[in-house]
Amino acid sequence: MNIDEIKEIIAILENTGITEFEWEESGVKVRIKKGKEAWALSTGTHESHIVRPAAEELNPAPEGARPEEIKRSPHQKMIKAPIVGTFYRAPSPDSEPYVEVGSVVKKGQIVCVIEAMKLMNEIESDVDGRIVEILGENAHPVEYGGPLFSVEPV
Amino acid sequence: MNIDEIKEIIAILENTGITEFEWEESGVKVRIKKGKEAWALSTGTHESHIVRPAAEELNPAPEGARPEEIKRSPHQKMIKAPIVGTFYRAPSPDSEPYVEVGSVVKKGQIVCVIEAMKLMNEIESDVDGRIVEILGENAHPVEYGGPLFSVEPV
Amino acid sequence: MFKKILIANRGEIAIRVIQACKELGIKTVAIHSEADADSLHVRFADESVCVGPADSALSYRNIPNILSAAEFTDSEAIHPGYGFLAENAYFSEVCESAGVKFIGPSAESISLMGNKAKAKELMVKNGIPVIPGSEGKLMGEENALETAKKIGYPLIIKAASGGGGRGMRVVNREEDLLNAFHVAQAEALSGFGDDSVYMEKFFLEPRHIEIQILADEKGHAVHLGERDCSIQRRHQKIIEETPSPLVDEVTRNEMGRIALAVVNSIGYVNAGTVEFLMDKDRKFYFIEMNTRIQVEHPISEMVTGIDLVKEQIKIAAGMSLEFRQNQIKRRGHSFECRINAESPDNFTPSPGLITLFRSPTGPGVRVDSGAYSGYTVPPYYDSLIAKLIVWGETRTEAIARMRRALDEFIVEGIQTTIPLHQKIFQDPAFIKNKFATNYLDKMMVNPH
Amino acid sequence: MFKKILIANRGEIAIRVIQACKELGIKTVAIHSEADADSLHVRFADESVCVGPADSALSYRNIPNILSAAEFTDSEAIHPGYGFLAENAYFSEVCESAGVKFIGPSAESISLMGNKAKAKELMVKNGIPVIPGSEGKLMGEENALETAKKIGYPLIIKAASGGGGRGMRVVNREEDLLNAFHVAQAEALSGFGDDSVYMEKFFLEPRHIEIQILADEKGHAVHLGERDCSIQRRHQKIIEETPSPLVDEVTRNEMGRIALAVVNSIGYVNAGTVEFLMDKDRKFYFIEMNTRIQVEHPISEMVTGIDLVKEQIKIAAGMSLEFRQNQIKRRGHSFECRINAESPDNFTPSPGLITLFRSPTGPGVRVDSGAYSGYTVPPYYDSLIAKLIVWGETRTEAIARMRRALDEFIVEGIQTTIPLHQKIFQDPAFIKNKFATNYLDKMMVNPH
C-alpha cells in the first residue's frame, strides 16, 4: 500500500459515516467502524456574530470537540486574539496598517490593535516570521482565540 | 485484498446497519457488529421471565438490533417456538419425551408440546436432521421464537 | 391493588403505563415483537415476553400469545394502551373469562360504542344532541324534502355504502336539493352498486372538541373538561390543546354534563372520551365515544394535575375516585404536538436510525417518547416517535413555550414533523384561533 | 423590554435563561470558553462569542471580555445565572456604568449581603431573628458565662480565624463551659496563631429552609414559600423539596413575612433567597441572603406555576410584578435531585464522554440539563450535568415519581450520582421526614 492508495481511502471515507478504519496487509486484516457525526456542524439556525468558519478551522479545538482538518502548511503559525474586542489594522483611521501581507514581524512587534472597553489594546506578535494572510477583518469584532494573522517562518 | 475490494466493502457497508466489520484471512476470522451495543444486556434490574441468553444468541435478530456472533456450525438449524406458552418434552408427565439428543427427526414430526390457553399444542419439526441439543427447559415458559432444539443434518 | 400488570402495547404509551405502574408499586410485564426486542418499554419493564414477529397482527394483536404471556407471568391485569387491542371487545371479553382484568371498559361498552349507528340511536333516545340527519337511507324525493326541512341548510347527502367523496353532495338551498339527491344516487349506484343515500347537517368549518371522563365501578363519574383536536390531517389529530379557545366556562359545563349523561346512559366504567363536533355558534353534537386512553391525554393531565393512567388502573382495581367534580381544579393552558417520523411536507414515513435525540428541557415542558440516540424507528408500526407537551399560565405563554421547545428538540438521522409544527405555531390564523378541522388541508394547499 | 440579552454563564442555567428569553421574544447571546464551543447553550443562542480559554477565571469570569462581547453584540442586558459573576458586586457595578443592565439586584445589595457579619448586624437592627451568639469575640471567663446564660445550651465555641473543626467545642452544660472555653482558646492559638473565640447557639440537627422572594423596582415584593434544602454533602445541597414537610401554613406565612422584612430593610430588587436555619421546634433564624437565581429554583416554579427567570428579566426591564401575595397559589409537592458527573460513593469527579443520555419522560417530570448523547463533560467546571425535578399532588406521589424517574434516567459513559439519589429515595428516614443537614454525612458513615 502506498500513499496514493491511502489518499484514495481517505477520500472515500470522507463522504461516509465511517469513523474508524484499520487494515493489516500481510495477514490481511480489515476493521471498519461507523458512528454518528458531529451534529454541531449541521446546526441550522445558529448564526455566529463572529467570522466563525475560519476560527473553527484554525483554533486548536478542545479534546473531543470538532473534527479538524489540516489545510495549511504545518510550518505556518497563527497570531490569535488574546482578548475579545474590535480588530483594527491601524492605530487610527488615517494611519497606515501596522503590517501587510509579506511584512516580516518579530516577537513583541505590534501587529494590530483590539478595542475593548473603550481602550485601544496594542497586540504584539508572539512569533517571528512573515505575514502570509490577514484573517481578521478590519473594524470587525473578534472573539477570544479568533485568528488574526497567518505567519510563516522566514 | 486490494483497494478495489475495500472500496466495494465500504460501499456495501454504507447502506446497512452494520457499524463494525473485521476480517482476518489466514485464520478466517470474521466479526460483524450491527447497531449500537445491545444495552439491554446491561440492564440492571430487568429480569426476563424467559431463559433469555440462549434466545438472544440464536434468534435471527431484526435489522439493526443485537450484535450477532456465529457460535455454532453454520449447518445446524434451530427448531423455535411458534407460539408463547409452556414447553413440555412429553405429551404427559408419565410419557417418554418425544425426542432425545441423538434422535433423528423428519419435517412434520412432533417434537414437543407447548401449552397455551389451557390447550396442549403439538409442535412439529420444520426441518430434517438429528437433535444435537435440547434448548427449551421442560415445564418452563417459552416466548415466541425461543429456541427449542438444535438440529444438524444427517 | 394489582401486584403485576402486563402491558399489551409498545412505544411511548407502553412506557407511560409502566411509569404509572411503577408509581403505584405494581410490577410490569412488557410484551414485544421480534422487531422491538431493544425497545425502552422492554428495558423499563420488570419482565418481558416476545409474543411474535414484527407484523403486529402476529404479535401486538396476537391474543392467544398475549394471554399465554399474562398467564405464565402471573399478571393480574392487562393494560391495552391505545390502538392494537384497546377497542377490541372480544379481547376484553376473553381477558375477563381468563381471569385477567382488562384495564378499560366492559366488552359491552366497547362493542356498543364501536357500532356508530347503534350508538347514535341510543344517544338520541337519551336526549343527547347528535348531528341531525335522516333516519337511515332516504326513501325518495318526498322523504328527502321533508328531512331537509327538519335539518336545515347547508346539508350533505352521502352514499350509505360509499366513501372518498363519491356520491357526496353538499346542498346549500332547497332549490338544489332534488337535483343533488338524484346525482348522489346515480354516483352511489355506479360507484358502489347501491343507490342508498342518507342526509346529515353539514358544517363548513367545524371544530373537533372532546370531553375526557373518568367513571368508577361505584357509579361516580367526573369530567376533566375539553380538548380541542381540530388540527388534523386526513382525520388524524396532530395538535391538541386545552382549554379550547372556543369553549367558555358555561359551554364547558354543559358539554361535561352531556358527556356524563352519555357515560350514565351505558353504565360506562374507566377512562373514556366523548367526542363532539362544534359549529361556529358553539352548538355541539355527539359524534362518538372512544373507550380507551387517548394519545392526547397528557394535556388534560397538565391542566388538572390528575394522572389519568393511574386513575385507569385504580378504577380497574375496584377503587373509588378520590375526587368529585367540584374538586377538579383546572389551571393554565396546554398543547400537545405529535412528532412523527415522517417527511414534514408530504407525510411519507421516515423510519430508520435516530443518530441524535435530545428532548427539550426546562419549565412547563413534558415529553412522552420511546426514542433515544441510537434507536432505530422500525417501519412496521405507527410513525409517532414523541409527544411534546407544554403548559403555560395562558395560551400566549403556552404558544411561546411550544415554539422554543420545538426549536430545541433535536432529532437527527430521520425526518420528523417538527418543522410542520414550527410553521403552525408561527401562523397568525392558528395563534388567533381562526381554524377548523380543515386547517391543515388548506395549509398544505396554500403553503405560506 | 430588552431586545437582546447576553448570558454570562454556561451549562443548564445558560440554557434555562435562553429558554426564558425565547419565550419573551428576546434575542440571546451566549458566551463560552474554548472548551465549551460545542455546548448546547452555544447552539441554542442566536449568537455566541468565545470569551477565553477553558479556565473560567479567564473566560466565564473575564469581565473585560464579557463586556466587550456585550458591547459589540448590542446586548442591552446581562443575565449572570448562578456562580461565576452572579454575586460579584463589582461586575454588577461595571455593567451599569457600561450602560448594560445587570439582571439581578444592585451592587449595594450584593455587597451588603456578601458581608455576613454586616448583614447579620443589620438584620438584628431590623428585628429579624438571627442565630443568637456573642457580639464579636469572647472577652474572658465572665463574658463567656454571661453570654452563655443569654444564649442557652447547647452552644458552640468557635475560633474566630479558624475552620475545619479545630478550636471548636460544643458545650451542653454550664459545668463544662469554662473548661471548653480554655481548650478552644488554646487550640485556636496553636492552630491559627490567634486565641480569639466566639460563641453561638448550637443546633444538633437543624434543617436548612429558604424562602424565595421576588421584588420589583416599584416596591412590590412577594414570597413564593419555602424550599427545604437539608440534604447536603459538605454544605452542598443535593436534594431540595417544597413544601418542607416540617413547615406548616402558619410557619410558612411567618417565614415569608420575615423574608419580606429582610427585602424591605435593604430595598432589595429582583429575585433572591433568604436562608434560614430551623430547629426541631420550628424556630427559625436568618443565616444569609442569596442575591441571585438558585440552582433549586425549579421546585418553586413547579408548585406555583411562576417562571422565576422570566420574572427576573421582566423586573430588570422595569416592569411591575403582575401578581400580589394572595394571588400566588401553591399546589402539590416538588423535589429536585442534582445529578452530578461524580462517583456516587466518594464524589470524585467523573468527567468524559457521555455515550448515551436519555432523560426520563412522562407526567410530572422536568429535566434541566445541557447534556446529550455524545456530549463530553469537561473537567474544568462544576460537575452538575442535570437537574431532575418532579411534581406530585402529594409528597408520597412525588417520591414515587422521583423513584421511577431516577430508574429510567439513562446516563452511560460516565459515573453519576443517580445511584445515591435512588438510595436516598428508598430510605425510610428520608421518606418519613426524619433527617437534618447532617443526613448525608451519617449515611456515608453508616451505609445501609
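Residues numbered from 1 in each chain as written. Chains lettered and ligands numbered in written order. Predicted model: local features only at pLDDT ≥ 70, side-chain atom pairs only at ≥ 80, totals over all residues. Heavy atoms only, no water.

Description of the overall build of chain C
Turning to step 1, where the next piece is worked out: Broken down by element type, chain C carries 15 helices and 20 strands.
Turning to step 2, where the next piece is worked out: What you see for chain C is a C-alpha radius of gyration of 23 Å, in line with the 22 Å of a compact globule of 448 residues.
Turning to step 3, where the next piece is worked out: Looking at chain C residue by residue over its 448 residues, the buried ones come to 62%.
Turning to step 4, where the next piece is worked out: By element, 51% of the accessible surface of chain C is carried by carbon and sulfur atoms, the whole surface being about 16200 Å².
Turning to step 5, where the next piece is worked out: Put simply, chain C has 51 plus and 59 minus side-chain charges, and the middle of one group is 4 Å from the middle of the other. (Helix = DSSP H or I, 4+ residues; strand = E, 2+ residues; numbered from the N terminus. Rg over C-alpha atoms; globule rule 2.2 N^0.38 Å. Buried < 20%, exposed > 50% of the residue type's maximum accessible area, 1.4 Å probe, protein only. Areas by Shrake-Rupley, 256 points an atom, 1.4 Å probe, with all protein chains shown as cover. Lys, Arg positive; Asp, Glu negative; His and termini not counted. Charge placed at Lys NZ, Arg CZ, Asp CG, Glu CD.)

What about the pairing of strand β4 (residues 85-88) of chain A?
Turning to step 1, where the next piece is worked out: Two elements, β4 of chain A and strand β9 (residues 140-142) of chain A, share three bridges in a ladder whose sense is antiparallel. In the strand pairing of β9 of chain A, Phe-87 of chain A is matched with His-140 of chain A. (Pairing = 2+ DSSP bridges.)

Quick word on the pairing of strand β7 (residues 119-124) of chain A
Side-chain direction in a regular strand flips from residue to residue, so the side chains alternate between the two faces of the sheet.
Residues and elements named next belong to chain A.
Turning to step 1, where the next piece is worked out: Inspection of the sheet shows strand β6 (residues 110-116) paired to β7 by six bridges, in the antiparallel sense. Note on β7: the bridge partner recorded for Ala-116 is Leu-119.
Turning to step 2, where the next piece is worked out: Remark: two residues form the turn of the hairpin made by β6 and β7, two consecutive strands paired antiparallel; Met-117 in that turn has positive phi of roughly 55°.

A word on the pattern of salt bridges
Any two side chains of opposite charge can pair, on the condition that their charged atoms come close.
Turning to step 1, where the next piece is worked out: Going through the model one piece at a time under the given rule, you end up with 90 salt bridges over all chains.
Turning to step 2, where the next piece is worked out: Between Arg-338 of chain C and Glu-240 of chain C there is a salt bridge, and its shortest N-O distance comes to 2.7 Å. On the criterion of sequence distance, the pair formed by Arg-338 of chain C in strand β14 (residues 333-340) and Glu-240 of chain C in strand β11 (residues 236-242) is long-range, its members being 98 residues apart. Considered together, Arg-338 of chain C and Glu-240 of chain C belong to a single accessibility category, that of buried residues.
Turning to step 3, where the next piece is worked out: Between Glu-254 of chain D and Arg-257 of chain D there is a salt bridge, and its shortest N-O distance comes to 2.8 Å. Highlighted residues: Glu-254 of chain D and Arg-257 of chain D, both in helix α9 (residues 249-266), separated by three residues, approximately one helical turn.
Turning to step 4, where the next piece is worked out: Each of Arg-16, Glu-23, Glu-301, Asp-307, Lys-310, Arg-366 and Asp-368 of chain C together with Arg-358, Glu-397, Arg-401, Arg-404 and Glu-408 of chain D takes part in salt bridges that share partners, so that together they form one network. (Salt bridge = Lys/Arg side-chain N within 4 Å of Asp/Glu carboxyl O.)

Considering the interface of chain C and chain D
The parts lose accessible area when they come together, and the size of an interface is often stated as this lost area.
Turning to step 1, where the next piece is worked out: Contact residues are listed per partner, giving 39 residues for chain C and 39 residues for chain D.
Turning to step 2, where the next piece is worked out: Summed over both partners, the interface of chain C with chain D comes to about 3000 Å²; 51% of that surface belongs to carbon and sulfur atoms.
Turning to step 3, where the next piece is worked out: By the criterion of area lost to chain D, the three top residues of chain C are Gln-19, Glu-23 and Arg-358 of chain C, representing 17% of everything that side buries.
Turning to step 4, where the next piece is worked out: Between the two partners, chain C and chain D, sit 10 salt bridges.
Turning to step 5, where the next piece is worked out: Of the charged contacts, one joins Glu-23 of chain C and Arg-401 of chain D as a salt bridge, the two residues approaching to 3.1 Å between their closest N and O atoms.
Turning to step 6, where the next piece is worked out: Linking chain C with chain D are 23 residue pairs in polar contact (both at pLDDT 80 or more).
Turning to step 7, where the next piece is worked out: Listing elements by their share of the side of chain C that touches chain D, those giving two or more residues are α1 (11-23), α2 (40-44), α10 (297-304), β16 (356-358), β17 (365-369), α12 (395-407) and β20 (410-412) of chain C.
Turning to step 8, where the next piece is worked out: Of the residues belonging to the side of chain C that touches chain D, the class tally is 12 nonpolar, eight polar and 19 charged. (Contact = heavy atoms within 4.5 Å. Buried area = accessible area lost by both parts, 1.4 Å probe. Polar contact = N/O pair within 3.5 Å; in protein donor to acceptor, adjacent residues only side chain to side chain. Nonpolar A, V, L, I, M, F, W, Y, C, P; charged D, E, K, R; others polar.)

Topic: the packing of helix α7 (residues 141-151) of chain D against helix α8 (residues 177-192) of chain D
All names here are of chain D.
Turning to step 1, where the next piece is worked out: At their nearest, the axes of α7 and α8 sit 10 Å apart, and the two run at 125° to each other. For the element pair α7 / α8, the angle class is oblique. Viewed along their axes, α7 and α8 form a crossing whose handedness is right-handed. On the side of α7, the interface is formed by Glu-141, Ala-144, Leu-145 and Ala-148, while α8 contributes Leu-177, Leu-178, Phe-181 and His-182.
Turning to step 2, where the next piece is worked out: A per-class count over the contact of α7 with α8 returns six nonpolar, one polar and one charged. (Axes fitted to C-alpha atoms, helices over the stretch in contact; angles between N-to-C directions. Parallel < 35°, antiparallel > 145°, perpendicular 65-115°, else oblique. Left-handed = near helix turned anticlockwise from the far one by under 90°.)

A closer look at the sheet that holds strand β13 (residues 284-290) of chain C
Residues and elements named next belong to chain C.
Turning to step 1, where the next piece is worked out: A sheet is described by the order of its strands in space; here eight strands give the open sequence β13-β12-β9-β10-β11-β14-β19-β17, paired in antiparallel fashion. Strand pairing shows two members of the sheet lacking a second neighbour, β13 and β17, which therefore form its edges. Strand after strand, the sheet turns through a mean of 25° between neighbouring axes, direction not considered.
Turning to step 2, where the next piece is worked out: In terms of strand pairing, β17 meets strand β19 (residues 384-392) through five bridges, oriented antiparallel. Across the sheet, residue Val-365 finds its bridge partner in β19, namely Val-390.
Turning to step 3, where the next piece is worked out: Strands β11, β14, β17 and β19 of the sheet are contacted by α12, whose axis makes an angle of about 140° with β19.

Thoughts on the domain arrangement of chain C
Residues and elements named next belong to chain C.
Turning to step 1, where the next piece is worked out: Assigned domains of chain C: these are domain 1 (4-103), domain 2 (132-201) and domain 3 (207-445).
Turning to step 2, where the next piece is worked out: Centre-to-centre separation of domain 1 and domain 3, based on C-alpha positions: 23 Å.
Turning to step 3, where the next piece is worked out: Contacts between the two partners involve 32 residues from domain 1, matched on the other side by 30 residues from domain 3.
Turning to step 4, where the next piece is worked out: For the pair domain 1 and domain 3, the two sides together bury roughly 2200 Å², of which 62% comes from carbon and sulfur.
Turning to step 5, where the next piece is worked out: Applying the counting rule to domain 1 against domain 3 returns six salt bridges.
Turning to step 6, where the next piece is worked out: Linking Lys-310 and Glu-23 is a salt bridge whose minimum nitrogen-to-oxygen distance equals 2.7 Å.
Turning to step 7, where the next piece is worked out: The interface formed by domain 1 and domain 3 includes 12 residue pairs in polar contact (both at pLDDT 80 or more). (Domains from an automatic or database assignment.)

Some words on α9 of chain D
Residue and element names in this part refer to chain D.
Turning to step 1, where the next piece is worked out: Counted at 1.5 Å a residue, the expected span for α9 with its 18 residues is 26 Å, and the 26 Å between its end C-alpha atoms agrees.
Turning to step 2, where the next piece is worked out: Restricting attention to buried positions, one finds in α9 the residues Thr-251, Arg-252, Met-255, Gly-256, Ile-258, Ala-259, Leu-260, Val-262, Val-263 and Ile-266.
Turning to step 3, where the next piece is worked out: Against the buried residues of α9 lie α5 (107-114), α6 (116-125), β9 (207-215), β10 (221-233), β12 (270-278) and β13 (284-290).
Turning to step 4, where the next piece is worked out: Once α9 finishes, Gly-267 follows within two positions and takes phi at roughly 60°, a positive value. (Expected span 1.5 Å × (residues − 1).)

Considerations on the environment of Ala-180 of chain C
Residue and element names in this part refer to chain C.
Turning to step 1, where the next piece is worked out: Looking at the element boundaries, Ala-180 is found in helix α8 (residues 177-192).
Turning to step 2, where the next piece is worked out: Overall, Ala-180 belongs to the buried group, its relative accessible area being 9%.
Turning to step 3, where the next piece is worked out: Considered as a pair, Ala-180 and Ile-156 are 24 residues apart in the sequence and their alpha carbons are 9.4 Å apart.
Turning to step 4, where the next piece is worked out: Not counting the four nearest positions on each side in its chain, Ala-180 is found in contact with Ile-157, Arg-169 and Val-171.

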